[in-house]
Each structure stands twice: as structure tokens, then as C-alpha cells.
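Architecture at a glance
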Amino acid sequence: MTTGSVRRLPVENGVSGWEAISERRFPLRKLEGAVSADWLIVGAGFAGLSAARRLQALRPGEKIVLLDAGEIGKGTSGRNSGFMIDVPHNLSAGEYSSGGAEATQVEMAQNRFAIAFARDAAQDYGMSRETFDPAGKINAAATNRGLKLNASFGQSLKAAGEKHLFLDAAEMRELTGSSYYVGGLYTPGTVLIQPADYVRQFAAGLSGNIDIFERSPVTSLTRRDGKWTASCPSGSVTAAKVILGVNGHIDDFGHFGGRLMHIFAYASMTSGFPADEFGSSASGKDRWALLPADAMGATIRKITTNGVSRIVIRTKYTYETKVAVGERRMAKMKEEHRRSFEARFPQLARTGFEHSWAGRLCLSRNHAPAFGEVEEGLFSACCENGLGTVKSTLAGIMAADLATGTMSPELNRYMDHPEPSRIPPEPFAWLGINGVIRLQELRAGREG
Ligand SMILES: Cc1cc2nc3c(=O)[nH]c(=O)nc-3n(C[C@H](O)[C@H](O)[C@H](O)COP(=O)(O)OP(=O)(O)OC[C@H]3O[C@@H](n4cnc5c(N)ncnc54)[C@H](O)[C@@H]3O)c2cc1C
């Protein structure tokens, strides 16, 4: 018998703007009583939802239960910046592309495999262009250093035969209304999602065939007589096989301890303003999406729905040993967002932030996922390394393939990775990781 209490449960840090403007179209059910199933998936983010869709395709007719501690759309999968990126995007490397040419090709093929899966789901579940928009993205440069980073990224893309296009300062101004940027690098393969709408519509699409229970945190997971039982405050699920799509919380389930870095990312969304109020000179076209040329800079999107525009900004990272951040930290990050926003869009200085929030990412030092069969019948699809829209989608698909014994070239390639490497013990990890983040943010300067 294997027994385990779950050490900590997820916490929502602030209300995400994406969730606040998203509409929920399916009923919320909490787990009540004891339920048996063929499959249990814990976590209804990109990983868990993708695992559920894949399992449903591989094992039609088998009973699948999906549990989440919170509400779908309110967790990290519903509160990110919504860039589903196909080209390399390694946050911890200083430059986005960290591997050699062959590793880069493998990574792009994997990212595109995940994006194609998401595209099929978007089509099947009737997502609109506002929820799933294959518009591409721009790496925006605000400094000469940013221009150099773009030039070097462009070189790797050229060597890999990837389409890309450089934009000059005037083109950036025409697109964004901002004179802040001196150049940009466009790549066409990124899909922009409204993250809360995406996960909600994905779950709604699954809910006819899969039992989804929210506000049902798993507080212990126990194996007895060849079956796993997950206990929640008002019920339990027993199943032969379990997939954990809980990202960094995998170490609260007793796996990959001392190997995962829990990084908080922070974002704010303005209140809505009429798309034509300030004219195109203030914030440019209706929709655009910028990643920073320096990975430690600011990610900014503008969205417009029914004539109402909003700008969403994400800057700053911190490493934390807790699952929640305090009010003071949140207020400080909001100030940072304000500073970055007003520097770029001075004409919008009177447009306030309606929502500010934080969310938790999971990185490993060697960029490896926390993936595989961690105990008999228990599979992990965790540690997304900062690009969970894509990497967690892929991990979820791969976990379903592994758990059903569905071998494929994609699974063989995916399994070929090292374990996440160890991080130093606390407090050295906290000091060291926050020190590196701070230095990289200082180096990013005006890009942030
Ligand atoms: C501000 C911000 C911006 C970001 N921008 C981007 C971006 O543009 N592109 C990108 O690719 N990524 C981005 N990310 C990262 C991305 O959001 C994550 O990588 C992604 O959400 C990971 O997905 P996941 O399914 O692995 O985990 P999660 O989204 O964390 O989902 C895990 C789920 O498990 C549930 N869970 C945990 N423990 C339990 C338990 N005991 N019982 C039941 N349920 C449990 C949680 O409630 C949660 O819903 C961003 C993140 C933030 C915070």
C-alpha cells in the first residue's frame, strides 16, 4: 500500500482579468460521495484537459473523472498571457533559444504537435477567433541590446529555415501606437489565446463525456489492492490509473522534491476603453501581441472585443517557497506594471488597471519536464518550464499515451529527457534564484 497526504493546495493570487471578462457556459459540479472510474486526472489546466481529450480518443467508452481544486479558468492556465509559441522559448537561458540546431528542431516539432492538437480541440469545441487566434507574435525591442537579441534570434531562425520578418521603429509605432520600440521580430506560428475562455470552452467540450468536478481538492492519494483512491473534502474517486496534471504541486504529492523551481509571474489588465477613444495614435491597431526581445522584459497584449479595448501587461518574476504572495508584493508589482505601461502609452496614463494578479510557474534548472510513471499506475505530466500553453498540452497528451501503452515516435522522443536536476537546499535556492532573476531584470532595463 502507498499512502500520501497532499502537503499544500493551490491558492489564487488576485483575480485574473482574463477570467473576469470570460463567460462560463457550463455548470459547476463539486465531487460528492464515492465514485469509481477507469481513469482519474487531477488538475484541469492545459495538462489535465489535454490528457482527458487524448484519453477519451484512445479509450472511448471508459470512465474518466477530472478533478480540480479550484474553478476552471481561475487557475494558472486561465491567467497567463496566452502565447502558444512554436519557436524556442527558454526563459531561464537569457536568450530564448538555448539548444543546438538539432535540439531546436525537435523542440519546434514538439511545440507544433501540441499546437495542432489545441487547434483541433478549438475547432471541435467551436472556439472563436477571439479565443484562439493564429496571428503570430512579435519580439519587441526597446533598446539596442534588444535589437541585437532579435538579430541573433533571427539568425537561429534563418539557420533553421523558419519564416520571420523584422519590423522597424515606424512599423512598430503603426502597430502599437507606441514610440517606445525601436524594432521587432515577427514569427507567424504562435497562436494567441484568451486563456480563461480557452480552458473553459475546452472543459465544456469535454464535459458531455467526462465527469469534471471542480472545487474538489485532492487532499490524499492512496494505493490499495492495485487501485488508487483520491480523497477530497466531500468525496473520493477510485481508479486503476491516475494522471497528475498539477504542475509545480507535483512535489506536494511527494514527487520531484528538491528539483522544481516555483516562480511567480505578475500581470495587470487595464479597464476597457472604447477602441476609437484615443485614436490609433495612442495604442495602434485593435489587436497585437508583443513578447520582450529580452526574456526578462515585459509581455504586452492589446485585445478588442465588441469595440472595447484592453491592454494586458506582464512583467517581473520572483521565486517563492510559499504558494501565496502577500498584498505588499502584489501592490509593488502593480506599480511596476504602471511604470512600464505609462512609459509605453503616455496618452493612456489615465486608464487604470482593473485587475492585477499573480500565478505560479514551474521551472527546472535543466529545462526538463517532471514526466513519467512515478509509481505503478501513477503518471506525472508536470513542470512546464514557463511555456505551459504548449508544453503542458504536450505533457498531457504524452501522459495519456504512456498510460495507455500507446507508443509513437512522439512519445519515444518525449521520453528521451533527463530528470529535472536538483536545486540547492533552502535558503540558498531562494537567495540564489531571486538574485539571478533580479540581475537579469536589471540587465533587461528598458525592455521591462
Ligand atoms: C502571468 C502569467 C503569464 C504567463 N504567460 C504564458 C504565456 O504567454 N504562454 C505560456 O505558454 N505560458 C504562460 N504562462 C505559464 C502558464 O500559465 C503555465 O505554464 C500553465 O498554466 C501550466 O499549465 P498546467 O496545466 O501544467 O498547470 P496549471 O495551469 O497550474 O494547472 C494545474 C491545475 O492543478 C490543480 N491542482 C493542483 N493541486 C491540486 C490538488 N491537490 N487537487 C486538485 N487539483 C489540484 C490546480 O488547481 C490547477 O488548476 C504564464 C503564467 C503566468 C502566471
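Relevant structure appears above.
Described below are features of the structure shown in this document. Predicted model, so just to flag it, every value in this text is computed and none were measured. Sequence order sets the numbering: in each chain, residues are counted from 1 along the sequence as written. Thresholds applied to this predicted model are a pLDDT of at least 70 for local features of residues and 80 or more for the giving and counting of side-chain atom pairs; totals over whole chains, interfaces and linings are not thresholded and use all residues. With hydrogens and water set aside, each side-chain value is computed from the structure's full complement of heavy atoms.

**What about the site of the ligand?**
Being near a molecule or strand, for a residue, means having at least one of its heavy atoms within 4 Å of it. Within the structure, the ligand sits among 34 residues, and Asp68, Ser77, Glu384, Thr389 and Ser392 are positioned closest to it. Identification of polar contacts relies on pairs of N or O atoms within 3.5 Å, with a donor-acceptor requirement for protein atoms, meaning one able to donate a hydrogen and the other able to accept it, and with residues adjacent in sequence counted only if both atoms are side-chain atoms. With respect to the ligand, the side chain of Asn80 contributes an N or O atom lying 3.2 Å from an oxygen atom. Coverage of the ligand by the protein amounts to 95% of the 990 Å² it exposes when considered alone. In DSSP terms, a helix is any run of H or I states spanning at least four residues, a strand is any run of E spanning at least two, and both are numbered starting from the N terminus. Counting residues per element, the ones that place at least two in the shell around the ligand are helix H2 (46–58), strand S18 (353–363) and helix H9 (388–404). When residues in the shell around the ligand are grouped by element, the largest group, 3 residues, is from H9. Here the nonpolar group is Ala, Val, Leu, Ile, Met, Phe, Trp, Tyr, Cys and Pro; Asp, Glu, Lys and Arg are the charged ones; every other residue, Gly included, is treated as polar. Its residues placed into classes, the shell around the ligand shows 15 nonpolar, 15 polar and 4 charged. To be clear on the numbers: accessible area is Shrake-Rupley with a 1.4 Å probe, and residue cover counts the displayed protein chains and nothing else.

**Quick word on the sheet that holds strand S4 (residues 132–133)**
Pairing between two strands is assigned when DSSP locates at least 2 bridges connecting them. If you trace the 3 strands from one edge of the open sheet to the other, you get S3-S8-S4, paired in antiparallel fashion. Strand pairing shows two members of the sheet lacking a second neighbour, strand S3 (83–84) and S4, which therefore form its edges. Pairing analysis gives 2 bridges linking S3 to strand S8 (residues 191–193), with the strands arranged antiparallel. When the bridges of S8 are listed, Phe83 appears paired with Leu192.

**Some thoughts on the packing of H2 against H9**
Note on geometry: axes are C-alpha line fits, over the in-contact stretch for helices, and angles between N-to-C directions span 0 to 180 degrees. Put simply, H2 and H9 touch, their axes get as near as 7 Å, and they point 40 degrees apart. You can see that H2 and H9 cross each other, and the crossing is right-handed. On the side of H2, the interface is formed by Phe46, Ala47, Ser50, Ala51, Arg54, Leu55 and Leu58, while H9 contributes Gly388, Thr389, Ser392, Thr393, Gly396, Ile397, Ala400, Asp401 and Thr404. Per-class residue counts for the contact of H2 with H9 are 7 nonpolar, 7 polar and 2 charged. Note: crossing handedness is left-handed where the near helix turns anticlockwise from the far helix by less than a right angle, and right-handed where it turns clockwise. Working rule for contacts: check all heavy atoms of both residues, and any pair within 4.5 Å makes them a contact.

**Overview of the pattern of salt bridges**
Note on definitions: salt bridges are taken to be side-chain nitrogens of Lys or Arg within 4 Å of carboxyl oxygens of Asp or Glu. Under the counting rule described, the total for this entry stands at 28 salt bridges. Between Lys63 and Asp211 there is a salt bridge whose closest N-O contact spans 3.8 Å. Of this pair, Lys63 sits in the loop between H2 and strand S2 (64–67) while Asp211 sits in strand S9 (residues 211–213), and the two are 148 residues apart along the sequence. A residue is classified by how much of its surface remains accessible, and Asp211, at 23% relative accessible area, is partly exposed. One salt bridge in this structure joins Arg129 and Asp133, with 2.8 Å as the shortest N-O distance. Several salt bridges share partner residues, and in doing so they unite Lys316, Lys332, Glu336, Arg339, Arg438 and Glu441 into one network. When accessible area is computed with a 1.4 Å probe and restricted to protein chains, residues below 20% of their type maximum are described as buried, those above 50% as exposed, and intermediate ones as partly exposed.

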